[in-house]
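Here is how the chains run, residue by residue.
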Protein chains: 2
Amino acid sequence: MEVDEVVCLPRLSRVAVCGGTHGNELSGVYLVRELLKEKKVTEKKEEDEEEKPVSVLMVLANPWAMQQCRRYVNTDLNRCFTHAALSGPLSDMAPYEMVRSRELNAMLGPKGSPEAVDLVCDLHNTTANMGLCLIAYSDCDWICLHIFRHLQRTMPDIPLRYIHFDVSKKESYSLDSVGKHGFAMEIGPQPHGVVRSNIYTAMKSGVQHMLDWVRFFNSGTIFEGGFVDVFTMVKHIDYPRDSETHNIMAAIHPQLQDRDFCLLQPGDPLFQTFSGETLRYKGKEPLYPFFINECAYYEKGIAISLARKRRVMIPAVRVQTEQEQQADQQGFASEEEE
Amino acid sequence: MEVDEVVCLPRLSRVAVCGGTHGNELSGVYLVRELLKEKKVTEKKEEDEEEKPVSVLMVLANPWAMQQCRRYVNTDLNRCFTHAALSGPLSDMAPYEMVRSRELNAMLGPKGSPEAVDLVCDLHNTTANMGLCLIAYSDCDWICLHIFRHLQRTMPDIPLRYIHFDVSKKESYSLDSVGKHGFAMEIGPQPHGVVRSNIYTAMKSGVQHMLDWVRFFNSGTIFEGGFVDVFTMVKHIDYPRDSETHNIMAAIHPQLQDRDFCLLQPGDPLFQTFSGETLRYKGKEPLYPFFINECAYYEKGIAISLARKRRVMIPAVRVQTEQEQQADQQGFASEEEE
């Protein structure tokens, strides 16, 4: 591969690893606590090294919700990071999470500014059988996609998928949208309020390999281009509900339960009502289900989400040299003119 | 089998099936709602029949907690049914569940009185891989043990166990202790706040077979004696915790996770710390673990419970005739004198 085919991207100097954005998703809570303990040791080692280390910020995002082992106290923190929510007026009566989102934006952002951290990795769990997923707002963020490919290669025992929510930067609502690059690392199945050792270990590996990739990248490694399967969210389906009480009247069908990312065909079983009847998928297009029976989405009216799969070509990437970065920052000469 | 070997027990005229005692254990919530719908149809049918039907009360035990999809609002309702808790003074500031437990005791009890319902079946879910368990305070309640044997025979596809908590009637604390007979029907694994179709269906079958047994029993069927394996709770083990923060420092070991009722030997792996170390079982006696990694027990300081298994002989049973029952109630002549 020739050099002119390689996309050169700025150094990733500051990375944030966040846990506890949802206070009852415990892998991230205990992993960030553990990494904070280990960090003291790591920092000492890195001081001895000559190269400029990556600055890794470990953040417990919603300590009050964590304390109560609940998803949130007043409102879902991970929906509080739109530009509108971060910039509007804030009353004394504002929900706790609206206040906390501004603190986090001050710490890791401001969102959309040059001061924002280079990469946010926000740790989540799901009750759905989704394996390890990176969830991002972009299908052309080469940093996120290359990290995903690196995890796929280094963690062959765990099913890995890249999910794309097609939402504009302005409308993006989650904590990871505060960084220049960002994604949620979502791992399941795990009940909320529970730590399962296998899920914790997978998350720990995922974070370690992600940080390894960042260090390789910063040190000048060229990562080859290639193809990545991207699942782009198309729509959600809610449970059948009683029109008066709004109570659900069916559960996910046993033939669909735990079959995240297995193609759902028109006519396939979708729900089983509490009286035993089977309800089928009436869509015309075969789509890939995910977040099947996620606990936290009952209240959001989501029984499953459906995605289209596409193969995306990603280019080779390497870090910009210091000269390139300076030129880039100053808006000066292009590489060819130098 | 000769008649004098058969234990004669009073008719079970009134049975209560309770769901939502813990508001986020959803199989029971949706099953009781469904049974309430179906009951209208059933009652019509039964009116046409000649025989006196069983009166089945369907109860949603903690509606406020259900509404919030939480285990409880102020305190665990299923610990509020001791004689002390039910009979002490009650202030205006009493926790919601302390008030609710008295309402339920008035509806289904009073506990320990002749007016109490004959049988309480209280529906629960666990995040532990326990299959279907009946949990009771007695290892010599022939009604509970015969119902258990009936479920074992009629539901061969589901692992069934009988768990015995060796607590006196006075100290017994759970809703099912309000009935003359009672047990919790505990089914898992299912995350709290989630309905899984397979778990719902198992619970529905369990309740139907339990009610079938009661009807067979009332109609005079003689049930043969035999043996039942009873798991008697011996002790609980808590997670290793940080002495200052009280935070857990380990998760259930991956080799133990999901292996409820598989004999735990001294030296077997118990926990894996968040830094990766294995901690082993230091007990001297091999015991049977259950409630492994139950979500709700983190706050109670229980990582696993351990039981001893015993084989209990249960006698043949049949319902008392009306004459026997009258004689029994009046404290008159024994069967032999008649």
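Above this text sits the structure in question.
Residues numbered from 1 in each chain as written. Chains lettered and ligands numbered in written order. Predicted model: local features only at pLDDT ≥ 70, side-chain atom pairs only at ≥ 80, totals over all residues. Heavy atoms only, no water.

Participant: Tell me about the interface of chain A and chain B, and name the residues and values.
Facilitator: Contact with chain A, which involves 28 residues of that partner, is made by 28 residues of chain B. Surface buried jointly by chain A and chain B totals about 2500 Å² across both partners, of which 53% is contributed by carbon and sulfur atoms. If you look at where chain A meets chain B, you find 2 salt bridges. At the boundary of chain A with chain B, the tally comes to 12 residue pairs in polar contact (both at pLDDT 80 or more). For the side of chain A that touches chain B, the secondary structure elements donating two or more residues are α1 (26–48), α6 (197–218) and β9 (250–252) of chain A. Element by element, the count of residues in the side of chain A that touches chain B is highest for α6(A), at 4 residues. When grouped by side-chain class, the residues that make up the side of chain A that touches chain B number 12 nonpolar, 10 polar and 6 charged. (Contact = heavy atoms within 4.5 Å. Buried area = accessible area lost by both parts, 1.4 Å probe. Salt bridge = Lys/Arg side-chain N within 4 Å of Asp/Glu carboxyl O. Polar contact = N/O pair within 3.5 Å; in protein donor to acceptor, adjacent residues only side chain to side chain. Helix = DSSP H or I, 4+ residues; strand = E, 2+ residues; numbered from the N terminus. Nonpolar A, V, L, I, M, F, W, Y, C, P; charged D, E, K, R; others polar.)

Participant: Before we move on, can you summarise the side chain of A:Asn24 with the specific residues and values?
Facilitator: Structurally, A:Asn24 can be placed in the loop between β2 (14–19) and α1. Excluding residues within four positions of it along the chain, A:Asn24 makes contact with A:Cys69, A:Arg70, A:Arg71, A:His192 and A:Gly193.

Participant: I'd like to hear about the pairing of strand β7 (residues 181–188) of chain B, residue by residue, with values.
Facilitator: Residue and element names in this part refer to chain B. Most of β7 is tucked away, with 8 of its 8 residues classed as buried. Here β7 shows no split at all, with His181, Phe183, Met185 and Ile187 on one side and Gly182, Ala184, Glu186 and Gly188 on the other all buried. Of the strand pairs in this sheet, strand β4 (residues 119–125) and β7 are connected by 7 bridges, and their pairing is parallel. Each bridged residue has a counterpart across the sheet, and for Asn125 the counterpart in β7 is Ile187. Of the pairings in the sheet, the one linking strand β5 (residues 131–136) to β7 comprises 5 bridges and is antiparallel in character. Considered in β7, the bridge of Leu132 is made with Ile187. (Buried < 20%, exposed > 50% of the residue type's maximum accessible area, 1.4 Å probe, protein only. Pairing = 2+ DSSP bridges.)

Participant: Help me get a handle on the side chain of B:Ser177, residues and values and all.
Facilitator: Mapped onto the fold, B:Ser177 is located in the loop between β6 (160–164) and β7. What B:Ser177 contacts, discounting residues up to four positions off in sequence, is B:Phe81, B:Lys111, B:Tyr137, B:Lys169 and B:Ser172.

Participant: Please provide a residue-by-residue account of the relation of the copies chain A and chain B, values included.
Facilitator: Overlaying chain A on chain B yields an RMSD of 0.0 Å, the required transformation being a rotation through 180° with an accompanying axial translation of 0.0 Å. In symmetry terms, the pair is related by a two-fold rotation axis. When each C-alpha of chain A is compared by its distance to the rotation axis, A:Pro191 comes out closest, at 2.4 Å. The overlap is high: 100% of the interface residues of chain A also sit at the interface in chain B, so the same surface is used on both sides. (Least-squares fit on C-alpha atoms with pLDDT ≥ 70 in both.)

Participant: Tell me what's going on with the packing of aromatic side chains, and back it up with residues and numbers.
Facilitator: Here the distance between the centres and the angle between the planes together describe a pair of aromatic rings. Tallying each qualifying case throughout the model produces 30 aromatic pairs over all chains. An angle of 45° between the planes, with centres 4.8 Å apart, marks the rings of A:Tyr200 and B:Phe274 as tilted. Highlighted residues: A:Tyr200 in helix α6 and B:Phe274 in the loop between β10 (269–273) and β11 (278–280), drawn from two different chains. The burial state of A:Tyr200 is the same as that of B:Phe274; both residues are buried. Aromatic side chains A:Phe290 and A:Phe291 sit 5.8 Å apart centroid to centroid with 40° between the ring planes, which places their arrangement in the tilted category. On the basis of relative accessibility, which here comes to 0%, the residue A:Phe290 falls in the buried class. The class of A:Phe291 is buried, set by a relative accessible area of 3%. Site record: aromatic cluster; members linked through ring pairs are A:Phe165, A:Phe231, A:Phe261, A:Tyr288, A:Phe290, A:Phe291 and A:Tyr297. (Phe/Tyr/Trp six-rings, centres within 6.5 Å; stacked < 30°, edge-to-face > 60°.)

Participant: Run through unusual backbone geometry, naming residues and quoting values.
Facilitator: Looking along the chain, the bond that leaves A:Gly188 and enters A:Pro189 is cis, with omega of 10°. In this structure, A:Pro189 sits in the loop between β7 (181–188) and α6. At the junction of B:Gly109 and B:Pro110, the peptide bond is cis and its omega measures out at 0° in the coordinates. Inspection of the secondary structure assignment puts B:Pro110 in the loop between α4 (96–108) and β4. Backbone geometry places A:Phe261, a non-glycine residue, at a positive phi of 70°. Position of A:Phe261 relative to the elements: it lies in the loop between β9 and β10 (269–273). The phi dihedral of A:Asn293 is positive, around 60°, even though this residue is not glycine. With respect to the helices and strands, the residue A:Asn293 is situated in the loop between β12 (288–290) and β13 (304–314).

Participant: Give a detailed account of helix α7 (residues 322–330) of chain A, specifying residues and quantitative values.
Facilitator: All names here are of chain A. Restricting attention to buried positions, one finds in α7 the residues Glu324, Gln325 and Ala327. Buried residues along α7 cover an arc of 165° about the axis, so they all sit on one side. More than 90 degrees from the buried face of α7, the exposed residues found are Glu322, Gln323 and Gln329. (Arc of directions from axis to C-beta.)

Participant: Residue-level account of the pattern of salt bridges, with values.
Facilitator: Scanning the entire structure with this criterion turns up 24 salt bridges over all chains. Of the charged contacts in the structure, one is a salt bridge between A:Asp229 and A:Arg311, with a shortest N-O distance of 3.0 Å. Note that A:Asp229 is positioned in strand β8 (residues 226–237) and A:Arg311 in strand β13, a separation of 82 residues in sequence. Put simply, B:Arg310 and B:Asp139 hold a salt bridge, and the shortest N to O gap is 2.6 Å. With B:Arg310 in strand β13 (residues 304–314) and B:Asp139 in the loop between β5 and α5 (142–154), this residue pair connects regions lying 171 residues apart in the sequence.

Participant: Describe the packing of α5(B) against helix α6 (residues 197–218) of chain B, listing the residues and the values that go with them.
Facilitator: All names here are of chain B. Where α5 contacts α6, the axes come no closer than 9 Å and their chain directions differ by 120°. Comparing their axes, α6 and α5 come out oblique. Where α5 crosses over α6, the handedness of that crossing is right-handed. Each of Ile143, His146, Ile147, His150, Leu151 and Thr154 in α5 lies in contact with α6, whose residues at this interface are Gly206, His209, Met210, Asp212, Trp213, Phe216 and Phe217. Here the residues of the contact of α5 with α6 are counted per class, giving 7 nonpolar, 5 polar and 1 charged. (Axes fitted to C-alpha atoms, helices over the stretch in contact; angles between N-to-C directions. Parallel < 35°, antiparallel > 145°, perpendicular 65-115°, else oblique. Left-handed = near helix turned anticlockwise from the far one by under 90°.)

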